[in-house]
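Per-entry structural report
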Amino acid sequence: MQIQIDQARLLNELQTLATFTDAEPDTEGTAVTRVVFSADDLRARAWLKELATAEGFEARDDAVGNIFIRWVGREPNLPAVATGSHTDAIPHAGMYDGTVGVLGGLEAMRALKRRGFQPRRSIELVMFTSEEPTRFGIGCLGSRLLSGTLDPTRAEALQDKDEAPLGTVRTSAGFTGPLSSVRLPASHYHAWIELHIEQGPLLERESIPLGIVTSIAAPAGYCFTITGFGGHAGALLMPDRKDALCAAAELILSVEKHTLATGAIDTVATVGTCAVHPGAVNSVPSRVVLQLDIRDTNPDRRESVMQDIRRDCEDLRQRRKVTITEELVNADAPAQSSPHIVQLMEETCSSQGIPYKKMVSRAYHDSLFMAALAPMAMLFIPCRNGVSHRPDEYAKPEDIALGTTILAQVLAKLASE
Ligand code: GLV
Ligand code: MN
Ligand code: MN
């Protein structure tokens, strides 16, 4: 099916969405910070719903703020075909992560409608709440709750850095009702597809315009609290110290050492935050909280790295006389794409002579959890130098338009099944 994407409009909308930001302007690119339930996030949500309703699509949101934009099909009782992504952005990020899948999904629906296509199954665009873990420490909050992967009671009690629980924050943002109501039944969707920038270098390096994701690597998150003994930076004698930050430094290097030691390109680990208490230049750190993000295509290998790190923690406890507690945030399984949707994507590309690459997603996405709910697959487009989570993140307009075209064509096929 020939599809005409309105590339100029889509680009314009991506740029408008990027103006809902809390970030200081950056000379390197378009800096975007849009933390879940911040004023900018709420403005972005309202704007997205306006775009959708102006097009005649129905919009609703659930108790955690996931937005559902539905184009009702000829047989509305059949399980719908869904697409989407997220619009929240980590601090000082770029303007394409997640947004391409949301606005591209909307444009794909509009393009099909303009063409006179009438879907048999409803087609639904989903904008997930808090794909990014910035505020509540755990990523994919909305899709975890939709798929029943996160206990609603635990979710409700998650706290932000000001110790405000999700329950309070979401209610103030206008999202009420029990979190248990967010979960969707297994038969709710016929298929799920997410369009996203690759966030890695492979497509650009190989000059391939499209990636078809065959699996998503398994992420895990841990929080380590190291407690030592603080005091005056001048008066507390060196032999008497139990400096929590020195212990944390060793722990961070242990993470790097054991991750590298697997020798596998697919094992990656990052300590991305380090909160030092009391955080004064003339005070010996008494407590440090570290957040660890560790991922692998092979969850057993990921766990064996964790075992090595735990052994080093034991050594640190003895040697540095500190306490170290480990809290599991999440330990997820990898997800496999649906062979059927992958095949549809391959046929759609091949029949138009469009080169593609089948690939693993090392970044996680809401699709990791949507796979528990429906047959899932993802489409990747290249991004410059593989850069993401930075203001200089960039995807070419023609790549965005091509990804959106293939998305529309595959949605049309799935909606006709
Ligand atoms: C998603 O943003 C990820 O961290 O993979
Ligand atoms: Mn991201
Ligand atoms: Mn993303």
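A short tour of the structure in this document, coming up. (Residues numbered from 1 in each chain as written. Chains lettered and ligands numbered in written order. Predicted model: local features only at pLDDT ≥ 70, side-chain atom pairs only at ≥ 80, totals over all residues. Heavy atoms only, no water.)

Assignment of secondary structure puts Glu131 in the loop between β6 (123–128) and α4 (141–147). Summary of buried charges: Glu131 has no salt-bridge partner, and the nearest side chain of opposite charge, Arg295, is 7.3 Å away. Among the polar contacts listed, one links the side chain of Glu131 to the side chain of His86, at a separation of 3.4 Å. The residues touching Glu131, leaving out its near neighbours within four places in the chain, are His86, Asp88, Gly139, Cys140, Tyr364, His365 and Asp366. (Helix = DSSP H or I, 4+ residues; strand = E, 2+ residues; numbered from the N terminus. Buried < 20%, exposed > 50% of the residue type's maximum accessible area, 1.4 Å probe, protein only. Lys, Arg positive; Asp, Glu negative; His and termini not counted. Salt bridge = Lys/Arg side-chain N within 4 Å of Asp/Glu carboxyl O. Polar contact = N/O pair within 3.5 Å; in protein donor to acceptor, adjacent residues only side chain to side chain. Contact = heavy atoms within 4.5 Å.)

We now examine the site of ligand 1. As a structural note, the neighbourhood of ligand 1 is formed by Glu131, Glu132, Arg295, Ala363, Tyr364 and His389. Here an oxygen atom of ligand 1 sits 3.0 Å away from a polar atom, N or O, in the side chain of Glu132. Residue Arg295 places a side-chain N or O atom 2.7 Å away from an oxygen atom belonging to ligand 1. Surface burial for ligand 1 is 92%, taken as the share of its 190 Å² of free accessible area covered by protein chains. Each residue belonging to the shell around ligand 1 can be placed in one class, and the counts come to two nonpolar, one polar and three charged. (Near = heavy atom within 4 Å. Areas by Shrake-Rupley, 256 points an atom, 1.4 Å probe, with all protein chains shown as cover. Nonpolar A, V, L, I, M, F, W, Y, C, P; charged D, E, K, R; others polar.)

There is about 150 Å³ of room inside the second largest pocket. What lines the second largest pocket is Leu203, Glu204, Ser207, Ile208, Pro209, Pro382, Cys383, Arg384, Tyr394, Ala395, Lys396 and Asp399. Looking at the lining of the second largest pocket, its residues break down into seven nonpolar, one polar and four charged. (1 Å grid on protein atoms, 1.4 Å probe; cavity = no way out; pocket = protein on both sides within 12 Å on 5 of 7 lines; lining within 4 Å. Points joined across faces, edges and corners; volume = space filled by probe spheres on them.)

Here we come to the coordination of the manganese ion (ligand 2). Ligation of the manganese ion (ligand 2) by protein atoms is provided by Asp97 (OD), Glu132 (OE) and His389 (NE2), these donors lying 2.0 to 2.1 Å from the ion. Of note, the donors binding the manganese ion (ligand 2) are all from one chain and are spaced D-x34-E-x256-H. Between the manganese ion (ligand 2) and the manganese ion (ligand 3) the interatomic distance amounts to 3.7 Å, and Asp97 serves as a bridging ligand to the pair. A residue pair is termed long-range when its members are at least 10 positions apart, and Asp97 in the loop between β5 (89–93) and α3 (99–114) and His389 in the loop between β17 (376–381) and α12 (397–416) qualify at 292 residues. Judged by its relative accessible area of 33%, His389 falls in the partly exposed class. (Donors = N, O, S within 2.8 Å, 3.2 Å for Na, K, Ca; no water.)

Another point: the coordination of the manganese ion (ligand 3). Taken together, His86 (NE2), Asp97 (OD) and His196 (NE2) make up the protein donors of the manganese ion (ligand 3), found 2.0 to 2.3 Å from the metal. Along the chain, the residues donating to the manganese ion (ligand 3) fall in the pattern H-x10-D-x98-H.

Before going further, it helps to spend a moment on the sheet that holds strand β9 (residues 218–227). Overall, antiparallel pairing links the four strands, which are arranged β11-β13-β9-β14 in an open sheet. If you trace the sheet from one side to the other, it starts and ends with β11 (268–277) and β14 (323–331), each paired once. On average, each strand axis in the sheet is inclined to that of its neighbour by 15°, with strand direction left out of account. Sheet analysis places β11 next to strand β13 (residues 287–296), joined by nine bridges and oriented antiparallel. Opposite Thr270, over in β13, you have Asp293 as the bridge partner. Across the sheet, helix α8 (residues 244–261) lies against β9, β11 and β13, angled at about 10° from β13, the strand it touches most. Sheet contacts for helix α9 (residues 299–320): β9, β13 and β14; angle to β9, the most-contacted strand, approximately 5°. (Pairing = 2+ DSSP bridges. Axes fitted to C-alpha atoms, helices over the stretch in contact; angles between N-to-C directions.)

This part covers the nonpolar core. One finds Leu112 and Ile400 to be the most contacted residues of the largest nonpolar core, which totals 63 residues. Here the element with the most residues in this core is α12; it accounts for ten residues. Filtering out sequence-adjacent residues up to four positions away, Leu112 remains in contact with Met1, Ile3, Trp71, Phe117, Ile123, Ala408, Leu411 and Ala412. Membership of the second largest hydrophobic core comes to 44 residues, among which are Ala63, Leu184, Val213 and Val329. (Core = buried A, V, L, I, M, F, W, Y, C linked by side-chain atoms within 4.5 Å.)

Moving on to the pattern of salt bridges. Considering all chains together, one arrives at 28 salt bridges under this definition. Asp308 serves as the salt-bridge partner of Arg311, at 2.3 Å between the closest nitrogen and oxygen. With Arg311 and Asp308 both in helix α9 and three residues apart, this pair spans about one turn of that helix. Taking the relative accessible area as the measure of exposure, Asp308 reaches 23% and is therefore partly exposed. Between Lys358 and Glu346 there is a salt bridge whose closest N-O contact spans 3.2 Å. With Lys358 in strand β16 (residues 356–361) and Glu346 in helix α10 (residues 339–350), this pair connects stretches of sequence that are twelve residues apart. Taken together, the salt bridges that share partners define one network made up of Arg9, Glu13, Glu55, Glu107, Arg110 and Arg114.

The next point concerns the packing of aromatic side chains. Taken as a whole and assessed by the stated rule, the structure comprises six aromatic pairs. On the basis of an interplanar angle of 35° and a centroid distance of 5.5 Å, the ring pair of Phe37 and Phe175 is categorised as tilted. Taken as a pair, Phe37 in the loop between β1 (32–34) and α2 (39–54) and Phe175 in the loop between α6 (166–172) and β7 (189–197) lie far apart in primary sequence, 138 residues in all. For the pair Phe37 and Phe175, one class covers both residues: buried. Measuring from ring centre to ring centre gives 5.4 Å for Phe128 and Trp192, while their planes differ by 65°; the resulting arrangement is edge-to-face. Taken together, the residues Phe128 in strand β6 and Trp192 in strand β7 connect sequence positions 64 residues apart. Accessibility classification places Phe128 together with Trp192 in one group, the buried group. Taken together through their ring pairs, the aromatic side chains of Phe57, Trp71 and Phe117 make up a single cluster. Residue placement shows Arg60 over the ring face of Phe68; its charged tip is 4.0 Å from the ring centre. Just above the ring of Phe229 sits the side chain of Lys242; from NZ or CZ to the centre is 5.9 Å. (Phe/Tyr/Trp six-rings, centres within 6.5 Å; stacked < 30°, edge-to-face > 60°. Lys NZ or Arg CZ within 6 Å of the ring centre and 35° of its normal.)

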